[in-house]
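Residues per chain, in single letters:
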Amino acid sequence: MKRLRGVVPAMLTHFDRSGGIDEAATREHLEFLVGSGVHGIFALGTTGEFFTMEPDERRRVAQLVVSAADGRLPVYIHVGANSTRGAVELARHARDIGADGVAAVTPYFFGLSQECLIGYYEEIAAAVGQDFPIYLYNIPGCAGNDMSEETVLALSKIPNIAGVKSSTPDFLRGLELARRAAPDFDIIVGHDTAFLAALACGIPGCISGNANAIPELFVRLYDAFLAGNLAAAREADRHIARLATLMRNGRNFSYLRATLERRGLARSYSRPPLPNISSAEENALYPELDCALKAAGLKTGQ
């Protein structure tokens with residue numbers, strides 16, 4: 001199994017002005033990420049706006065990302081859905097097109113028991129075979145359903161459930177899971193500004209929305225930490241925190257898109273009802289953004 005390690009951007013899905021999938025922008029962005037030294041790609045997750053897409057569109061983007069990555073780094077496809085059948089179909093598709101693994105958020109909108117959540121993941125795991133890895137994805141602030149620690153630990157005993165992306169607001173929950181789970185069960189942090197603290201606690205990686213636009217900083221932090229250069233890792237962490245705040249830290253994806261454009265990549269858009277950045281917002285953002293990018297030693301395309 002190819003597991004998630006290091007810096008794994010939660011890749012944006014690129015749409016054009018009319019809301020169509022922008023394949024050229026997607027390929028350009030992927031090349032930017034690969035060239036920045038990231039260690040994997042997590043496509044079609046929350047930052048990938050999967051919830052605005054039809055299943056056939058999700059399959060199309062999954063195929064595009066796997067093809068464009070061309071085996072250069074692991075690609076995981078998010079396949080979570082409100083129906084177990086839908087998640088199973090997307091997981092099988094991801095396996096069949098050559099993805100290295102999948103992740104699945106809990107079903108959302110309607111509150112479910114822990115037993116229902118266990119059944120959902122058991123069916124996905126059984127559908128793709130024991131050699132194809134799956135990561136649980138717990139983000140109760142968006143999905144509503146929250147996997148308990150006991151549920152995660154029970155699911156961790158399934159051979160191809162390799163870990164969990166933990167995006168709960170309580171960092172201590174992830175640490176407690178890391179203490180109690182088997183050593184080969186991965187706890188992957190989903191809060192970007194906790195990456196350094198997570199590494200210090202033995203957590204192997206971060207699935208990051210902000211790394212879409214500033215992947216070099218995350219790689220710099222990770223490499224410095226592995227080299228034992230804590231001062232350099234802390235400096236990178238400070239730059240990440242400043243830029244994450246400017247980019248709205250995942251609360252408005254159009255700020256990530258604007259930052260990518262400022263760095264020289266093609267402009268792309270979010271699908272309604274998600275917002276797109278206004279000219280007034282751009283004018284307020286760019287002076288501070290340019291200053292922060294320069295301070296971090298990152299190039300812009302301006």
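Keep in mind that this is a model prediction, so the values were computed, not measured. (Residues numbered from 1 in each chain as written. Predicted model: local features only at pLDDT ≥ 70, side-chain atom pairs only at ≥ 80, totals over all residues. Heavy atoms only, no water.)

(A) Summary view of the packing of helix α1 (residues 23-35) against helix α2 (residues 55-69). With their axes 10 Å apart at the nearest point, α1 and α2 run at an angle of 40° to one another. Here α2 runs oblique to α1, going by the angle between their axes. Regarding α1 and α2, the two cross each other, and that crossing is right-handed. Only R60, L64, V65, S67, A68 and A69 of α2 make contact with α1, whose side of the interface consists of E23, T26, R27, L30 and E31. Here the contact of α1 with α2 is built from residues that sort into five nonpolar, two polar and four charged. (Axes fitted to C-alpha atoms, helices over the stretch in contact; angles between N-to-C directions. Helix = DSSP H or I, 4+ residues; strand = E, 2+ residues; numbered from the N terminus. Parallel < 35°, antiparallel > 145°, perpendicular 65-115°, else oblique. Left-handed = near helix turned anticlockwise from the far one by under 90°. Contact = heavy atoms within 4.5 Å. Nonpolar A, V, L, I, M, F, W, Y, C, P; charged D, E, K, R; others polar.)

(B) Expanded view of helix α12 (residues 279-295). Helix length check: α12, at 17 residues, gives a terminal C-alpha distance of 24 Å against a target of 24 Å (1.5 Å per residue), a fit within 8%. Remark: the principal bend of α12, roughly 35°, maps to Y286, with a proline, P287, within the next four residues. E282, L285, Y286, L289, A292 and L293 are the residues of α12 that are buried. The secondary structure elements touched by the buried residues of α12 are α10 (230-246) and α11 (253-262). Just past α12, the residue G297 takes up positive phi, approximately 75°. (Expected span 1.5 Å × (residues − 1). Bend = angle between axes of the 7 residues up to and from the residue. Buried < 20%, exposed > 50% of the residue type's maximum accessible area, 1.4 Å probe, protein only.)

(C) Region of the structure containing unusual backbone geometry. Put simply, P272 and P273 share a cis peptide bond, and its omega is 15°. The topology assignment puts P273 in the loop between α11 and α12. Of note, D70 is a non-glycine position whose phi angle comes to about 55°, a positive value. Mapped onto the secondary structure, D70 falls in the loop between α2 and β3 (75-78). On the basis of relative accessibility, which here comes to 62%, the residue D70 falls in the exposed class. Positive phi is not limited to glycine here, since F109 has a value of about 85°. As for its placement among the helices and strands, F109 is situated in the loop between β4 (101-105) and α4 (114-128). Looking at F109, the relative accessible area reads 79%, which means it is exposed.

(D) Just the nonpolar core, in detail. Core analysis: the largest hydrophobic core is formed by 92 residues, its most contacted members being I41, I77 and L243. With seven residues, α4 is the largest single contributor of residues to this core. Of all hydrophobic cores here, the second largest spans 15 residues; its members include F50, V105, I139 and A162. (Core = buried A, V, L, I, M, F, W, Y, C linked by side-chain atoms within 4.5 Å.)

(E) Fine view of the environment of T300. Along the chain, the position of T300 falls in the segment after α12. In this structure the C-alpha to C-alpha distance between T300 and L265, which are 35 residues apart in sequence, comes to 9.4 Å. Beyond its immediate chain neighbours, meaning those up to four positions away, T300 contacts R262, R263 and L293.

(F) Structural detail: the environment of E115. Within the secondary structure, E115 sits in helix α4. Along the backbone, E115 and A127 are 12 residues apart, and their C-alpha atoms lie at a distance of 18 Å.

(G) Looking closely at helix α3 (residues 84-96). Between its first and last C-alpha, α3 extends 18 Å over 13 residues, near the 18 Å set by a 1.5 Å rise per residue. Looking only at α3, the buried set comprises G86, A87, V88, L90, A91, H93 and A94. Against the buried residues of α3 lie α2, β3, β4 and α4. One or two residues past the end of α3 sits G98, with phi positive at roughly 100°.

(H) Representation of the pairing of strand β8 (residues 205-208) within the structure. Alternating residues of β8 divide into G205 and I207 and C206 and S208, and every residue in both groups is buried. Two elements, strand β1 (residues 6-11) and β8, share four bridges in a ladder whose sense is parallel. Paired with G6 across the strands is G205, a residue of β8. (Pairing = 2+ DSSP bridges.)

(I) The arrangement of the state of the cysteines in detail. Overall, the coordinates contain zero disulfides when judged by the stated rule. Its sulfur unpaired, C201 is 14 Å from the next cysteine sulfur, which belongs to C206. Under the relative-accessibility criterion, C206 is labelled buried at 1%. (Disulfide = S-S within 2.5 Å.)

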